[in-house]
Amino acid sequence: MDLFSNRYVVNFRNGKKKRKTALEILKLVEKDCKSDYNWFASSDELVKLCKLPNFPQDVATFIEAAILNCYANIEYSVLEDPDSRENVAFCYNSLIDSEEYNDLRKKYINSVLNSVIVYGLEYEPRIFPFGETYNNMCYEWKKSVMNDFVSNKRKIIDLSELYKIFNSEFEGMIDKAEEKHLFDNDEKKFFETTSKVLKNFYSNPNQIHL
């Protein structure tokens, strides 16, 4: 692995082009991956470097893991950028046979499932049932889907399509639960508690201090 002699053209976010060795690129990624924003280069640029035939594979693997971890932390935004979808899918798939990155892949799929639960396919929080029953159902669904996806080493072929599949499965599960009235007791308790709090507040105007 030649970390020192070969130099690669890197397009920096500030518009400059610089020739850097693999070791220099590695150090820049190590520094910037402590934050999820404002890296020295875009994920698209870094993935292009990782795909070069003569780029050191060990360095490429670290960069791919750093990118995947970044998007696991900010997953809700990835669907807004088509290039990011392809780059994230590439990084995830590249790490499938590396057992040491199983937890990272679980973290990423878990973040996708969290995004599905909270936002669906939109960019606004969805309205969901209240209570422990719903929360437990979400937790068990995430754990089951995540473990199945990662343990079976399923690849991300199309990230947008994967979102649609997960979203359809989740909404189908919730619809069936609502048809069986599984959330009714929790919602009743929630509204009864809220009503008591509001009644107490409005019956005691001295609680308001101007």
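Our structure's up above, just so we're on the same page.
Structure report, in brief.

Description of the overall build of the protein chain
The helix and strand tally for the protein chain stands at 8 helices and 2 strands. Mapped in sequence order, the helices and strands of the protein chain form the string β-β-α-α-α-α-α-α-α-α. Classification of the 210 residues of the protein chain by burial places 39% in the buried group. About 13,000 Å² of surface is accessible on the protein chain, with carbon and sulfur atoms providing 50% of the total.

Side note on the packing of aromatic side chains
Counting across every chain of the model gives 8 aromatic pairs. Ring geometry for Phe12 and Phe40: centres 5.4 Å apart, planes at 55°, overall tilted. Separated by 28 residues along the polypeptide, Phe12 in the loop between strand 1 (7-11) and strand 2 (17-21) and Phe40 in the loop between helix 1 (22-32) and helix 2 (43-51) bring together distant segments of the chain. Each member of the pair, Phe12 together with Phe40, is buried. Seen in terms of ring centroids, Phe128 and Tyr134 are 5.5 Å apart; in terms of plane orientation they differ by 0°. Their pairing is stacked. Residue class for Phe128 comes out partly exposed when judged on its relative accessible area of 39%. Note on Tyr134: relative accessible area 3%, which makes it buried.

Considering the pairing of strand 1
Of the two faces of strand 1, only one is covered, namely that formed by Tyr8 and Val10; the face formed by Arg7, Val9 and Asn11 stays uncovered. The hairpin formed by strand 1 and strand 2 contains 5 residues between the paired strands, and Gly15 there has a positive phi angle of roughly 95°.

Some remarks on the packing of helix 5 (residues 102-119) against helix 6 (residues 132-151)
Axis separation between helix 5 and helix 6 bottoms out at 9 Å; the angle between their running directions is 140°. Classified by the angle between their axes, helix 5 and helix 6 sit oblique to one another. Classified by chirality, the crossing of helix 6 by helix 5 is right-handed. In this structure, helix 5 uses Asn102, Arg105, Lys106, Ile109, Asn110, Leu113, Asn114, Val116 and Ile117 to contact helix 6, whose residues at the interface are Tyr134, Cys138, Trp141, Lys142, Val145, Met146, Asn147, Phe149 and Val150.

A short note on the state of the cysteines
Summed over the entire model, instances satisfying the criterion amount to 0 disulfides. Here Cys33 stays free of any disulfide, with the sulfur of Cys70 as its closest cysteine sulfur at 9.1 Å. On the basis of relative accessibility, which here comes to 25%, the residue Cys33 falls in the partly exposed class.

Describing helix 7 (residues 159-179)
The end-to-end C-alpha distance of helix 7, which contains 21 residues, comes to 30 Å, matching closely the 30 Å that a straight helix rising 1.5 Å per residue would cover. Within helix 7, the full set of buried residues consists of Leu159, Ser160, Leu162, Tyr163, Phe166, Asn167, Phe170, Ile174 and Ala177. Looking straight down helix 7, one finds its buried side chains confined to an arc of 150°; they lie on one side. Away from its buried face by more than 90 degrees, helix 7 exposes Lys176 and Glu179. Among the residues of helix 7, the N-terminal cap falls to Asp158, whose side-chain oxygen and the backbone nitrogen of Ser160 are separated by 3.0 Å. The first or second residue beyond helix 7 is His181, which carries a positive phi of 60°.

Digging into helix 5
Spanning 18 residues, helix 5 covers 26 Å between terminal C-alpha atoms, matching the ideal 26 Å at 1.5 Å per step. Listing the buried residues of helix 5 in full gives Leu104, Arg105, Tyr108, Ile109, Ser111, Val112, Leu113, Ser115, Val116 and Ile117. Where helix 5 ends, the next residue or the one after it, Gly120, has phi of about 65°, a positive value.

A word on the pattern of salt bridges
Enumeration over the complete set of coordinates arrives at 8 salt bridges. Its salt-bridge partner being Asp97, residue Lys153 comes within 3.9 Å of it at the nearest N-O pair. Placement of the pair is Lys153 in the loop between helix 6 and helix 7 and Asp97 in the loop between helix 4 (82-94) and helix 5, with a sequence separation of 56 residues. Residue classification places Asp97 among the exposed positions, given a relative accessible area of 65%. A salt bridge links Arg126 to Glu171, with the shortest nitrogen-to-oxygen separation between them at 2.9 Å. Of the two residues, Arg126 is situated in the loop between helix 5 and helix 6 and Glu171 in helix 7; the sequence distance between them amounts to 45 residues. By sharing partners, the salt bridges in this structure join Asp97, Glu99 and Lys153 into a single network.

Definitions and limits used
- Residues numbered from 1 in each chain as written.
- Predicted model: local features only at pLDDT ≥ 70, side-chain atom pairs only at ≥ 80, totals over all residues.
- Heavy atoms only, no water.
- Helix = DSSP H or I, 4+ residues; strand = E, 2+ residues; numbered from the N terminus.
- Buried < 20%, exposed > 50% of the residue type's maximum accessible area, 1.4 Å probe, protein only.
- Areas by Shrake-Rupley, 256 points an atom, 1.4 Å probe, with all protein chains shown as cover.
- Phe/Tyr/Trp six-rings, centres within 6.5 Å; stacked < 30°, edge-to-face > 60°.
- Pairing = 2+ DSSP bridges.
- Axes fitted to C-alpha atoms, helices over the stretch in contact; angles between N-to-C directions.
- Parallel < 35°, antiparallel > 145°, perpendicular 65-115°, else oblique.
- Left-handed = near helix turned anticlockwise from the far one by under 90°.
- Contact = heavy atoms within 4.5 Å.
- Disulfide = S-S within 2.5 Å.
- Expected span 1.5 Å × (residues − 1).
- Arc of directions from axis to C-beta.
- Polar contact = N/O pair within 3.5 Å; in protein donor to acceptor, adjacent residues only side chain to side chain.
- Salt bridge = Lys/Arg side-chain N within 4 Å of Asp/Glu carboxyl O.

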